[in-house]
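# Understanding the architecture of this molecule
The residues making up each chain are set out below.
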Amino acid sequence: MVKDLFERIQNNKGPLGKWASQAEGYFVFPKLEGELGPRMQFGGKNILNWSLNDYLGLANHPEVRQADIDAATQFGAAYPMGARMMSGHTKYHEQLENELADFVMKPAAYLLNFGYQGMVSIIDALVTKNDIIVYDVDSHACIIDGVRLHMGKRFTYKHNDLESMEKNLQRATKMATETGGGILFITEGVFGMRGQQGKLKEIVALKQKYNFRLLVDDAHGFGTLGKTGAGAGEEQGVQDDIDVYFSTFAKSMANIGAFVAADQDIIDYLKYNLRSQMFAKALPMIQTIGSLKRLELLRSHPELKDKLWENVNALQNGLRSRNFNIGDTNTCVTPVYLEGSVPEAMVMVNDLRENYGIFLSIVIYPVIPKGIILLRMIPTTSHTLSDIDETLVAFEAIREKLENGTYKEIASRTKVDLDA
């Protein structure tokens, strides 16, 4: 007997979907309103927002808004029509690619419509069934999904663990010798959940012993790290040794789209083999021209990054001085680790939003281990020191309530699954 395909879906909503009836519209899929920035509205109330990836505050920069308006006025939302290979190629796309390549110190670059889709397709295009992939176990979902398409062997190493990296490179080397393939090593410039930089310098050093190519997803590093903002590779002095560099526009560039940069022959290959771009409509002109303006500001206004780091240091030092556990982040991403259950986390975040006016991202099991609550904050250039002081006061208050059992008691009276 053939089962109804939807039977499983109807009976099992998945590890996150099972919370939908209690969480949707508030903890997940919340509706934020108002101008993008630190001060917005949620549920009819003003909130201090720590949940936007607008690192450099470009989303509402007047020059950016005007560039977007001008592009929309001149070209509309449809232009260009068709994939770039067929009818959607313009001088503006080429200009943006050239400027991005120059900025990240690579010979060539290629635009992507979306970061997630782009990374999946890059991995698919770079390897064959004879090749071996080695990647960090904490890699972003776009990397994991790209690896899933791989028909050959793959190995994961423990997060940022050099011994595990080398062990798996040894396994991959043995396997690739048998298959006649090569090795693609994948990591991130910045791990967006914990805020740690990938150990790029140490990984590059392993090239002296093992023959592999390095692909780096630097979504959170681009614009925030390095002397010029070129990312984690520049920060660690190994940008030249990254074989394929990737970043999205959805963070520091406050836009939609992404790019990949590498040697000219690799980019030429990807242009003709990257299925997500070959068979998709070109990046619209609003995003393309808008990204040119954003990149111009990123290059010409280093004070944006300076202010960002002033805020990052004030927030992270303030949390550390108050004995909050923020792990070993060495980037803008600011995680705060607390101990508690999922129901306690829900009550705590409700308290933060309703009584303290603080809006941030909450990460719970199964994304992280049971018993841990991760409150994730993204400082931006647009935040103020007053915003930070207000947040630190609120955090001390909620920690006290968590530790003295207030949230546990409230959760016990609330319709929440206490088995979590």
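This text gives an overview of the structure that appears in the document. Residue numbering note: each chain is counted from 1, following its sequence as written. Thresholds applied to this predicted model are a pLDDT of at least 70 for local features of residues and 80 or more for the giving and counting of side-chain atom pairs; totals over whole chains, interfaces and linings are not thresholded and use all residues. With hydrogens and water excluded, all non-hydrogen atoms of the structure serve as input to the side-chain values.

### Concerning the packing of aromatic side chains
For Phe, Tyr and Trp, rings pair up if their centres lie within 6.5 Å, where Trp contributes its six-membered ring, and each pair is then called stacked (planes under 30 degrees apart), edge-to-face (over 60) or tilted (otherwise). Applying the stated criterion across every chain, the model contains twelve aromatic pairs. For the pair Phe75 and Tyr79, a centre-to-centre distance of 5.1 Å together with 45° between the ring planes defines the contact as tilted. Burial status follows relative accessibility: with a 1.4 Å probe on protein chains alone, a residue under 20% of its type maximum counts as buried, one over 50% as exposed, and anything between as partly exposed. Judged by its relative accessible area of 18%, Phe75 is buried. Looking at Tyr79, the relative accessible area reads 41%, which means it is partly exposed. Consider the rings of Phe75 and Tyr92, whose centres lie 5.9 Å apart with planes at 75°: the pair is edge-to-face. A residue pair is termed long-range when its members are at least 10 positions apart, and Phe75 in helix H3 (residues 62-75) and Tyr92 in helix H4 (residues 91-103) qualify at 17 residues. Linked through ring pairs, Phe103, Phe222, Tyr245, Phe249 and Phe259 together constitute an aromatic cluster. Sitting over a ring, as applied to charges here, requires NZ of Lys or CZ of Arg to be within 6 Å of the ring centre and within 35 degrees of the ring normal. Here the basic side chain of Arg399 rests over the ring of Phe324, its NZ or CZ set 3.9 Å away from the ring centre. Under the scheme used here, helices are H or I runs from DSSP no shorter than 4 residues and strands are E runs no shorter than 2 residues, and both carry numbers assigned from the N terminus.

### Side note on the sheet that holds strand S14 (residues 372-377)
Paired through backbone hydrogen bonds, the strands of a sheet run either parallel or antiparallel to each other. The strand order across the open sheet built from three strands is S11-S14-S13, with neighbouring strands paired in antiparallel fashion. The strands lining the two open edges of the sheet, one partner per strand, are strand S11 (334-339) and strand S13 (361-363). Taken over all neighbouring pairs, the strand axes of this sheet differ in orientation by 25° on average, direction set aside. A pair of strands is labelled paired if DSSP reports no fewer than 2 bridges between them. The pairing of S13 with S14 spans three bridges and is antiparallel. Bridge pairing in S14 links Ile362 to Leu375. Working convention: axes come from line fits to C-alpha atoms, limited for helices to the stretch in contact. Angles between N-to-C directions cover 0 to 180 degrees.

### Concerning the environment of Leu149
In this structure, Leu149 sits in the loop between helix H6 (141-148) and strand S6 (154-157). What makes Leu149 partly exposed here is its relative accessible area of 47%. Between the alpha carbons of Leu149 and Ser121 there is a distance of 9.0 Å; along the sequence they are 28 residues apart. We call two residues in contact whenever any of their non-hydrogen atoms come within 4.5 Å of each other. Apart from the residues lying within four places of it in its own chain, the contact partners of Leu149 are Val120 and Asp124.

### Quick word on the nonpolar core
What is meant by a nonpolar core is a set of buried Ala, Val, Leu, Ile, Met, Phe, Trp, Tyr and Cys residues, joined one to another through side-chain atoms within 4.5 Å. Judged by nonpolar contacts, the single largest core of 53 residues is most densely connected at Leu100, Phe185, Phe212, Phe222 and Phe259. Not counting residues up to four positions away in its chain, the partners in contact with Phe212 are Leu169, Ile183, Phe185, Ile203, Leu206, Lys207 and Asp243. In terms of nonpolar packing, the next biggest core, distinct from the first, is built from 39 residues, Met40, Trp50, Ala345 and Ile364 among them.

### Thoughts on the layout of surface pockets
Any residue with an atom within 4 Å of a point lines the site, the site being either a cavity, points on a 1 Å grid over the protein atoms alone where a 1.4 Å probe fits but cannot get out, or a pocket, an open set with protein on both sides within 12 Å along at least 5 of 7 lines. Grid points are joined across faces, edges and corners, and a volume is the space filled by probe spheres set on the points. Space inside the second largest pocket adds up to approximately 490 Å³. Lining the second largest pocket are 24 residues, with Leu126, Arg213, Asp243, Val244 and Ile266 positioned closest to its centre. Of all the secondary structure elements, the ones that give two or more residues to the lining of the second largest pocket are helix H5 (115-126), strand S7 (183-188) and helix H10 (264-273). At three residues, the largest contribution of residues to the lining of the second largest pocket is made by H10.

### Points about the side chain of Ser139
Along the chain, the position of Ser139 falls in the loop between strand S5 (132-136) and H6. Polar contact is defined as a pair of N or O atoms within 3.5 Å, subject to the rule that within protein one atom must be able to donate a hydrogen and the other to accept it, and that residues adjacent in sequence are counted only when both atoms are side-chain atoms. Here the side chain of Ser139 touches Asp136 through a polar contact of 2.7 Å, landing on its backbone oxygen.

### So, H3
The length a helix should cover is 1.5 Å for every residue beyond the first. Here H3 contains 14 residues, and its C-alpha end-to-end distance of 20 Å stays within 8% of the 20 Å for a straight helix at 1.5 Å per residue. Where H3 is concerned, the buried positions are Val64, Ala67, Asp68, Ala71 and Phe75. Angularly, the buried residues of H3 cover 100° about the axis, an arc narrow enough to put them on a single face. In H3, the exposed positions angled more than 90 degrees off the buried face are occupied by Pro62 and Thr73. Looking at the buried side of H3, the elements it contacts are H4 and helix H12 (285-300). Positive phi shows up at Gly76, right after H3, with a value of about 75°. Throughout, the arc means the angular range of directions from the helix axis out to the C-beta atoms.

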